[in-house]
Amino acid sequence: MTVLACAGRHSGQSNIGPAAADAGVATTGDAGTAVSAGLTLPAGFSAEVIATIPVARQMAALPNGDLLVATLDTKVLLIANAEGTPSPPAVYFDIPDAPVQSVAFDPATSTLFVASQHGVWSAPYAAGHPPAQPKKIASVRTAGDSGTDGDVHITTSVAVSGSTLYVGVGSSCNSCVESDPTRAVILTMNFDGSNVVRKATRIRNAIALATNPATGTVWAGGAGQDSLPLGHPFEFFDAVSLHPGTADYGWPQCEENQHPYAANADCSQTVTPLLGLPAYSTWIGAVFYPANQTGAHAFPPANRGFYLAAHGSWHTMNDKYFSPPRVAFVAMNGDVPAHPANWSDANAQFSEFIGGYQLADGVTRTGRPTGLAVGAQGSLFVADDMNGKIYRVRPTP
């Protein structure tokens, strides 16, 4: 394992705002001190590389300390004893439908769920036993890509709350009216794939899904469309499961706080999300750090909240739409952000927890975070699909 020394940056998560949020490059002094791999962390935390997994995406931590890592390939890999001395990654599932970028675990039924490009799969889980063959329980993207403008989103995400699965399916385009009812939506279904309902619609690409373990509320992130005015649309997270009926997020006619981006658009019934975030961030991973977390590596209470992994824009600083990769922290009071959304300031609600993924030249990137998971002993696991690293973040003794 490669150990990264603790960075000397403020841990003060109350420092919400542009100064904290925009610290997306490795610097020195109070604004951030680079660790050996270029990453910056708050004072009092350290990180280490525990595995190398190409194109690592979303993850699921298991009760025995193991970690499952989904990929942009056909494979889900297992890192046994990720909270202790990790074993080399081993293939756990190989599903013939790439990408299988999302995996979730239901502790009540000991069931694993995997989301692939065209479906949702399930398998029973038993620690220490060979994996069962996954069974496809539902299909998505059933109508092909006809009519797309070329910006095809092929990832599917899955989360568990109670006895319900939440499935986020990306759109077939950047800006269009979808003909496929299983795209640009968040679906709910039973664990056997029955009773499929559209819980959210007109949501361009809900890549990151996260369940608040204290409340069971499912949150979803939205990646907005390209080619709008500079800095827009704000990306967002919202407590999608708290909305009655089907939540309408308005894309592509409406974005942000019911703001119209098309002529004659009626945005009066669209959702205003609880978190407004910088455009082009592309939030791929999210996890709630439990307020009651125990274990040898539990975070201090001030650092327990909502963690988000931004993949960063496909533009660099030389482009006006630049947004750096980072891991962000959002202080929460239950399912209410500690700081309300400010639709004039996309940096108002979060602080940067891990930075340094992009060098000061604004062009060179050293990594792009994706999946997040909280381990049984309190470690925060962070995946990076650019260089295939799995980091384990802990408070320093």
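Residues numbered from 1 in each chain as written. Predicted model: local features only at pLDDT ≥ 70, side-chain atom pairs only at ≥ 80, totals over all residues. Heavy atoms only, no water.

A.B. asks: What is the right way to look at the overall build of the protein in this model?
C.D. replies: Within the protein, the regular secondary structure consists of 1 helix and 30 strands. Taking as baseline every contact in the protein between residues at least 6 positions apart, the subset at least 24 positions apart corresponds to 59%. Within the structure as shown, the protein displays about 14,500 Å² of accessible surface, and the carbon and sulfur contribution to it stands at 54%. (Helix = DSSP H or I, 4+ residues; strand = E, 2+ residues; numbered from the N terminus. Contact = heavy atoms within 4.5 Å. Areas by Shrake-Rupley, 256 points an atom, 1.4 Å probe, with all protein chains shown as cover.)

A.B. asks: Sorry if this is basic, but what is going on with the sheet that holds strand β3 (residues 56-61) here?
C.D. replies: The strands that make up a sheet pair up through hydrogen bonds in the backbone, lying either parallel or antiparallel. The antiparallel open sheet is built from 4 strands, whose spatial order is β3-β4-β5-β6. Looking at which strands have only one partner, the edges of the open sheet turn out to be β3 and β6 (90-94). Pairs of neighbouring strands in the sheet enclose a mean axial angle of 30°, with direction left out of account. Here 4 bridges tie strand β4 (residues 67-71) to strand β5 (residues 75-79), and the two strands are oriented antiparallel to one another. For Val69, the partnering residue across the bridge sits in β5 and is Leu77. (Pairing = 2+ DSSP bridges. Axes fitted to C-alpha atoms, helices over the stretch in contact; angles between N-to-C directions.)

A.B. asks: For this particular structure, what's the right way to read the sheet that holds strand β27 (residues 351-354)?
C.D. replies: In spatial order, the strands read β22-β23-β24-β27; together these 4 strands make up an open sheet with antiparallel pairing. The open sheet has two edge strands, β22 (283-288) and β27, and neither has a second partner. Direction aside, the axes of adjacent strands within the sheet are offset by 30° on average. Examined bridge by bridge, strand β23 (residues 306-310) and strand β24 (residues 326-330) share 5 bridges and lie antiparallel to one another. When the sheet's bridge partners are listed, Ala310 is paired in β24 with Arg326.

A.B. asks: Honestly, the packing of aromatic side chains in this entry has me stumped. Any pointers?
C.D. replies: Here the distance between the centres and the angle between the planes together describe a pair of aromatic rings. Following the criterion strictly, the structure yields 18 aromatic pairs and no others. An angle of 65° between the planes, with centres 4.8 Å apart, marks the rings of Phe45 and Phe299 as edge-to-face. On the criterion of sequence distance, the pair formed by Phe45 in strand β2 (residues 45-52) and Phe299 in the loop between β22 and β23 is long-range, its members being 254 residues apart. Centroid distance Phe288 to Phe306: 4.2 Å. Interplanar angle 10°. Geometry classified as stacked. Of the two residues, Phe288 sits in strand β22 while Phe306 sits in strand β23, which places them 18 residues apart along the sequence. Overall, the relative accessible area of 6% leaves Phe288 in the buried class. Through a chain of ring-to-ring contacts, three or more aromatic side chains come together here, namely Phe45, Tyr289, Phe299, Tyr307, Phe329 and Phe353. (Phe/Tyr/Trp six-rings, centres within 6.5 Å; stacked < 30°, edge-to-face > 60°. Buried < 20%, exposed > 50% of the residue type's maximum accessible area, 1.4 Å probe, protein only.)

A.B. asks: What am I meant to see in the pattern of salt bridges here?
C.D. replies: Here the idea is simple: oppositely charged side chains can pair when their charged atoms come close. What the rule picks out here adds up to 7 salt bridges. Note that Glu48 and Arg392 form a salt bridge whose closest N and O atoms lie 2.6 Å from each other. Within this pair, whereas Glu48 is found in strand β2, its partner Arg392 is found in strand β30 (residues 389-395), the two being separated by 344 residues in sequence. With respect to class, Glu48 is no different from Arg392; both count as buried. Residue Asp248 is joined to Arg202 by a salt bridge in which the shortest nitrogen-to-oxygen separation is 2.8 Å. Residue Asp248 is found in strand β18 (residues 247-248), and its partner Arg202 is found in the loop between β14 (197-201) and β15 (209-211); the two are separated by 46 residues along the sequence. Judged by relative accessible area, which is 25%, Arg202 ranks as partly exposed. (Salt bridge = Lys/Arg side-chain N within 4 Å of Asp/Glu carboxyl O.)

A.B. asks: I tried to follow the state of the cysteines on my own but got confused; where do I start?
C.D. replies: Disulfide: a covalent bond formed between the sulfur atoms of two cysteine residues. What the rule picks out here adds up to 2 disulfides. Paired by a disulfide, Cys173 and Cys176 hold their sulfur atoms 1.9 Å apart. Across the S-S bond of Cys173 and Cys176 the torsion is about -75°, and the bridge reads as left-handed. Both residues of the pair, Cys173 and Cys176, belong to the buried class. The disulfide partner of Cys254 is Cys267, and the S-S distance across this bridge is 2.1 Å. (Disulfide = S-S within 2.5 Å.)

A.B. asks: Help me out: how do you make sense of the nonpolar core in this one?
C.D. replies: Generally speaking, a soluble globular protein has its nonpolar side chains buried in company with each other. Membership of the largest hydrophobic core comes to 22 residues, with the highest contact counts inside it found for Tyr307, Phe353, Ile354, Leu380, Val382 and Val393. Within the residue set of this core, elements represented by two or more residues are β2, β23, β24, β27, β28 (369-374), β29 (380-384) and β30. Among the elements that line this core, the one with the most residues is β2, at 3 residues. (Core = buried A, V, L, I, M, F, W, Y, C linked by side-chain atoms within 4.5 Å.)

A.B. asks: What should I look at first to understand the side chain of Thr188 in this one?
C.D. replies: Summarising the element assignment, Thr188 is placed in strand β13 (residues 185-189). Residue class for Thr188 comes out buried when judged on its relative accessible area of 12%. If we skip the residues at most four places from it in the chain, Thr188 touches Thr164, Leu165, Tyr166, Asn195, Val196, Val197 and Lys199.

A.B. asks: Would you mind going over the environment of Gly216 with me for this structure?
C.D. replies: With respect to the helices and strands, the residue Gly216 is situated in the loop between β15 and β16 (218-222). Not counting chain neighbours up to four residues away, the residues in contact with Gly216 comprise Ser161, Thr211 and Ser241.

A.B. asks: So what exactly am I meant to see when it comes to the pairing of β30 here?
C.D. replies: Looking along a regular strand, one sees side chains alternate from face to face of the sheet. In terms of residue burial, β30 counts as a mostly covered element, since 5 of its 7 residues are buried. Bridge count for β2 against β30 is 7 bridges, and the pairing is antiparallel. Paired with Ser46 across the bridge in β30 is Arg394. Relative to β30, β29 runs antiparallel, the two being bridged by 5 bridges. Among the inter-strand pairings, Asp384 is bridged to a residue of β30, identified as Lys389. Once β29 ends, the chain turns through 4 residues before running back antiparallel as β30, passing Gly388 with a positive phi of about 70°.

A.B. asks: Explain unusual backbone geometry here, please?
C.D. replies: Most of the time, phi is negative for any residue but glycine, and the peptide bond is trans. The omega torsion across His232 and Pro233 is 0°, close enough to zero to call that bond cis. One non-glycine residue with positive phi stands out, namely Asn195, at about 55°. Checked against the element boundaries, Asn195 lands in the loop between β13 and β14. According to the relative accessible area criterion, Asn195 is exposed, its value standing at 53%.

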